[in-house]
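Single-letter residue listing:
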Amino acid sequence: MQYHPRRVRNEILDASEITALIKTGNHITLALCDDDIPYVVTMSYGFDDVNNRLYFHCANKGDKLEYINKNSNVCGTIIKDNGYIKTKCDHDYESLIIRGKILVVNDLEEKKHALQVMLKHLEEDPKPIFERNITDDDSYNKVTILRMNMESIIGKKYIG
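Residues numbered from 1 in each chain as written. Predicted model: local features only at pLDDT ≥ 70, side-chain atom pairs only at ≥ 80, totals over all residues. Heavy atoms only, no water.

A. Molecular detail of the layout of surface pockets. Considering only enclosed or pocket space, the largest pocket measures out at about 230 Å³ in volume. As for the largest pocket, its lining consists of 13 residues, and the residues nearest its centre are His57, Leu115, Ile129, Asn133 and Val143. For the lining of the largest pocket, the secondary structure elements donating two or more residues are helix H3 (108–122) and helix H4 (127–133). Here the element with the most residues in the lining of the largest pocket is H3; it accounts for 4 residues. (1 Å grid on protein atoms, 1.4 Å probe; cavity = no way out; pocket = protein on both sides within 12 Å on 5 of 7 lines; lining within 4 Å. Points joined across faces, edges and corners; volume = space filled by probe spheres on them. Helix = DSSP H or I, 4+ residues; strand = E, 2+ residues; numbered from the N terminus.)

Here it is, written out as structure tokens:
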């Protein structure tokens, strides 16, 4: 079931506004689940706007991968916090709730693409990071790349 904001006037419906919020964000909080045990983690990401997906990197072992291997359904939130509004007991913000599937990328060419996407999203000049960390194709085995295929996005923002 797809939920929407109770106050319809607060919903972000414009696709370009949603895309802009994803592009300007730099981290997302992801909710994963294994049966009835939830796991929430905040990660930096890269946005591949051509293919409408998010990429992440993580260690080759850990809780995230255990959860993803058991259940690929994921829900994440990106928040642009514009601050608390004093004397109004309110908060100026923009947020997205993104649902989809997350999976481990094994294809070397997609891993290369994903790291380019992530570093271009997060860094002004990604070249020194590549030069320091990616010396050959085997370097890509030192990191796990995750891809989130975004299936639905609900946006909400403060309207004063």
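Having seen the model, we can carry on.
B. How the structure looks around the environment of Val40. Relative to the assigned elements, Val40 resides in strand S3 (residues 37–44). Given the relative accessible area of 56%, Val40 is considered exposed. Setting aside anything within four residues of it in sequence, one finds Val40 in contact with Thr29, Leu30 and Ala31. (Buried < 20%, exposed > 50% of the residue type's maximum accessible area, 1.4 Å probe, protein only. Contact = heavy atoms within 4.5 Å.)

C. Highlighting the nonpolar core. Counting 25 residues, the largest nonpolar core has Ile22, Leu30, Leu54, Phe56 and Ile98 as its most contacted members. Those elements giving two or more residues to this core turn out to be helix H1 (15–24), strand S2 (27–34), S3, strand S5 (53–58), helix H2 (63–70), strand S6 (73–85), strand S7 (90–105) and strand S8 (144–157). Ignoring any residue separated from it by four or fewer positions in sequence, one finds Ile22 in contact with Tyr45, Phe47, Leu54, Ile78, Leu96, Ile98, His121, Met150 and Ile153. With 12 residues, the next largest nonpolar core counts Val105, Ala114, Leu119 and Ile145 among its residues. (Core = buried A, V, L, I, M, F, W, Y, C linked by side-chain atoms within 4.5 Å.)

None of the figures reported here should be taken as evidence of function without further support.
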